[in-house]
There are 2 protein chains.
Amino acid sequence: MLSEFDLIARYFVRPGHPKNRATLGIGDDCALLAQQDGMQMAISSDMLVEGRHFFVGADPRKLGHKSLAVNLSDLAAMGAEPTAFTLAFSLPSAEEKWLAEFSRGLFELADAHGCELIGGDTTKGPLNICITVFGTTPTGEALRRDTAQAGDDIWVSGSLGDARLALGALYKEYELDAKVLAKAEGRLHTPQPRVALGLALRGIAHSALDVSDGLIGDLGHILKKSGVGATLHVDDLPAGPMLQKQSQDMRRRFTLAGGDDYELCFTAPVSKREAVLGAAMAADTVVTRIGSIEAAPGLRLLDQAGRPLDLNITSFDHFASP
Amino acid sequence: MLSEFDLIARYFVRPGHPKNRATLGIGDDCALLAQQDGMQMAISSDMLVEGRHFFVGADPRKLGHKSLAVNLSDLAAMGAEPTAFTLAFSLPSAEEKWLAEFSRGLFELADAHGCELIGGDTTKGPLNICITVFGTTPTGEALRRDTAQAGDDIWVSGSLGDARLALGALYKEYELDAKVLAKAEGRLHTPQPRVALGLALRGIAHSALDVSDGLIGDLGHILKKSGVGATLHVDDLPAGPMLQKQSQDMRRRFTLAGGDDYELCFTAPVSKREAVLGAAMAADTVVTRIGSIEAAPGLRLLDQAGRPLDLNITSFDHFASP
């Protein structure tokens, strides 16, 4: 049986990465990160619970990826550059194969973003993974939720709804062709955080957040915090490649309130349309203009012909749902 | 039923505290903390699992206290000044009474240390509490584990073993008088992190850590990382007031390997004995000299007469234990 210290040493302590920022990493009471005048540290924590955020028996390599990806997505939404993260997790037993695969998926994504594991905690218990991630932005340049302005365009990166499409099939809400499911599952299990786009949007976007609980609910946070309203052109929403083949009703529901998309929703002035497209190109990420911020409160949904839609959709709530 | 957002708004979002350091706190994708040249950020994460780190049905107010206390203890052990923390937790249901008491205990301790809640995550699942805490130290002044030197005195703060004494009684290993148990339980459920002492020891101690898994095991980390050995005078160890009344065997075992003490173990040169006592007085915390760091590897335990003791004690391991 692997001890807690052996487990950490074997799977989570690694030789120095060229971009290492920590003065002191794993193995002391705290990790130490250098600070710098004129910079802010962006910090986010996410907790993933087995049976709630991922299936019992989930592929550990993909789980390692996703655990960090959802946190990097929060940094992306602030326009922060990833620096480091801590990993605290409880697991029922120290299974070496699981740990090897989990740490592999975790570090593949961490290395792709130069993000260093600097500490954490491991304990025995129901499988639960809590990552806290750290990034940096020049003071005042972070992309916030409370700074959207009336007249802004609303944009979204990539595509929406394929993760939700896969989830429904896995929950047997409907059946999907095996190939379609396999592709949609990629979006569910290994989301790609839009870090490069978030960085490229600094100085261009007025506000941003990541779409994790569904576009309507997440955009609602921007509206509430900025004291504005919006109109969305529902049929302009970029449905994922697998969702595009489904019914209009499903497309609308899953793009508006699918969850687990990890795309960026952001607002920018009309005068910055070219700059937004340039940032998207630099970040090699598709972006789509989906609506407008308006002074009048509330969210108005319009169909292709400009007619109001009342879809009675709500976003995901971790306690309201069963 | 409280929604996730209502829950956060009602119990965890608070009016500004005079010492607030976060430019942006709860409610965006990330919190933002200002950085400053010449300072380092100390970071630590701990995860507490129901049935493992605390009893099922534990008093939520005490649990709120302890969840933050164990993290503040890590900052104390680095000589870092507490700044902020994130709280991620899963709980089976959003019970208002539990949340009110938990947040009360949490914020009572947070306010006592000027430590601000800046973000986190709440979700449904088996009760699990993960706090990541942030503190600051001037660059190069943190108290580390790898910097003990041969010839250093070994010191410990406060007293050891009362938490373990309470735990044994709660597990029915033995019976304790109700008053004795009540007092010992205070050490188990509401440990007081030695933050003031850690700060006072900067520039005086060569190395430090917090005693959470038992003195022998924790001191072992200093020895291993510093490449040194040590001699401990076992009968000089400061037993907790309740443990003092127990048998010599119990005193020895629980002071050496009790766990859950959250005292500081630190080393300092002999020339700094007066300075250590001055720091302890300034921090209003008792300290006891318990042994010496030596060049020869290994840990030697001596009794009151200076005779070697072989107690066959090991420290706590989260995976080795049942």
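Owing to the predicted nature of the structure, the values given are computational and were not obtained by experimental measurement.

1. Side note on the pairing of strand S3 (residues 39-49) of chain A
(1) Moving on: Among the 11 residues of S3(A), 11 are classified as buried, and the element is accordingly described as predominantly covered.
(2) Moving on: What you see with S3(A) is no split at all: A:Met39, A:Met41, A:Ile43, A:Ser45, A:Met47 and A:Val49 on one side and A:Gln40, A:Ala42, A:Ser44, A:Asp46 and A:Leu48 on the other are buried throughout.
(3) Moving on: With 11 bridges connecting them, S3(A) and strand S6 (residues 128-138) of chain A associate as antiparallel partners. Its bridge partner lying in S6(A), A:Ile43 is registered against A:Phe134.
(4) Moving on: Taken together, the four bridges between S3(A) and strand S2 (residues 31-34) of chain B define a ladder with antiparallel strand orientation. The residue of S2(B) that forms the bridge with A:Ala42 is B:Leu32.

2. A few points about the interface of chain A and chain B
One widely used convention gives an interface's size as the accessible area the parts lose upon coming together.
(1) Moving on: Contact residues are listed per partner, giving 72 residues for chain A and 71 residues for chain B.
(2) Moving on: When the two sides are added together, the surface that chain A and chain B hide from each other amounts to roughly 5800 Å², 57% of it contributed by carbon and sulfur.
(3) Moving on: Linking chain A with chain B are four salt bridges.
(4) Moving on: In this structure, A:Arg145 engages B:Asp28 in a salt bridge whose closest nitrogen and oxygen atoms are separated by 3.5 Å.
(5) Moving on: Connecting chain A to chain B are 26 residue pairs in polar contact (both at pLDDT 80 or more).
(6) Moving on: If you tally residues by element for the side of chain A that touches chain B, the top one is S3(A), at 10 residues.
(7) Moving on: Of the residues that constitute the side of chain A that touches chain B, the class distribution is 34 nonpolar, 23 polar and 15 charged.

3. Some thoughts on the environment of B:Arg289
Residue and element names in this part refer to chain B.
(1) Moving on: Position of Arg289 among the secondary structure elements: in strand S11 (residues 287-294).
(2) Moving on: For the pair Arg289 and His233, spaced 56 residues apart in the sequence, the C-alpha separation amounts to 9.0 Å.
(3) Moving on: Residues in contact with Arg289, not counting those within four places in the same chain, are Asp153, Ile154, Trp155, Asp236 and Arg273.

4. Some words on the UniProt feature "binding site: Mg(2+) 2" (unreviewed entry) in chain A
(1) Moving on: The positions that UniProt labels "binding site: Mg(2+) 2" (unreviewed entry) are, in the present scheme, A:Asp46 and A:Asp74. The annotated residues occupy 29 residues of the chain but converge on a single region, no pair of C-alpha atoms lying more than 9.3 Å apart.
(2) Moving on: With respect to the element layout, A:Asp46 can be found in strand S3.
(3) Moving on: For A:Asp46, a relative accessible area of 16% gives the class buried.
(4) Moving on: Once residues lying within four places of it in the same chain are set aside, the contact partners of A:Asp46 are A:Val70, A:Asn71, A:Asp74, A:Ile129, A:Cys130, A:Ile131 and B:Asp121.
(5) Moving on: Here A:Asp74 shows up in helix H2 (residues 60-78).
(6) Moving on: For A:Asp74, a relative accessible area of 8% gives the class buried.

5. So, the relation of the copies chain A and chain B
(1) Moving on: The two copies are related by a screw operation: chain A maps onto chain B through 180 degrees of rotation and 0.0 Å of translation along the axis, at an RMSD of 0.0 Å. Between the two chains, the operation in question is that of a two-fold axis.
(2) Moving on: Take the interface residues of chain A: 99% of them recur as interface residues in chain B, which is what a same-surface contact looks like.

6. Quick notes on the side chain of A:Thr255
Residues and elements named next belong to chain A.
(1) Moving on: If you trace the backbone, Thr255 turns up in helix H8 (residues 248-257).
(2) Moving on: By relative accessible area, Thr255 is classed as buried at 3%.
(3) Moving on: A distance of 3.2 Å separates the side chain of Thr255 from the backbone oxygen of Arg252, its partner in a polar contact.
(4) Moving on: With near-sequence residues (within four places) excluded, Thr255 lies in contact with Leu160, Leu215, Leu237, Pro238, Ala239 and Leu243.

7. Some remarks on the sheet that holds strand S10 (residues 263-268) of chain A
Strand pairing in a sheet relies on backbone hydrogen bonds. The paired strands run either parallel or antiparallel.
Residue and element names in this part refer to chain A.
(1) Moving on: On the basis of which strands lie adjacent, the open sheet formed by six strands has the order S8-S10-S7-S11-S9-S12 and mixed pairing. Edge positions in the sheet fall to strand S8 (207-211) and strand S12 (298-302), since each of these pairs with one other strand and no more. In this sheet, adjacent strand axes meet at a mean angle of 25 degrees when their direction is disregarded.
(2) Moving on: In this structure, S8 lies alongside S10, joined through five bridges in antiparallel fashion. Considered in S10, the bridge of Val211 is made with Glu263.
(3) Moving on: Contacts between helix H7 (residues 215-226) and the sheet are confined to strand S7 (153-157), S8, strand S9 (229-233), S10, strand S11 (287-294) and S12, with S8 contributing the most and set at about 155 degrees to the helix.

Thresholds applied
- Residues numbered from 1 in each chain as written.
- Chains lettered and ligands numbered in written order.
- Predicted model: local features only at pLDDT ≥ 70, side-chain atom pairs only at ≥ 80, totals over all residues.
- Heavy atoms only, no water.
- Buried < 20%, exposed > 50% of the residue type's maximum accessible area, 1.4 Å probe, protein only.
- Helix = DSSP H or I, 4+ residues; strand = E, 2+ residues; numbered from the N terminus.
- Pairing = 2+ DSSP bridges.
- Contact = heavy atoms within 4.5 Å.
- Buried area = accessible area lost by both parts, 1.4 Å probe.
- Salt bridge = Lys/Arg side-chain N within 4 Å of Asp/Glu carboxyl O.
- Polar contact = N/O pair within 3.5 Å; in protein donor to acceptor, adjacent residues only side chain to side chain.
- Nonpolar A, V, L, I, M, F, W, Y, C, P; charged D, E, K, R; others polar.
- UniProt positions renumbered as here; feature names shortened; annotations may be inferred.
- Least-squares fit on C-alpha atoms with pLDDT ≥ 70 in both.
- Axes fitted to C-alpha atoms, helices over the stretch in contact; angles between N-to-C directions.

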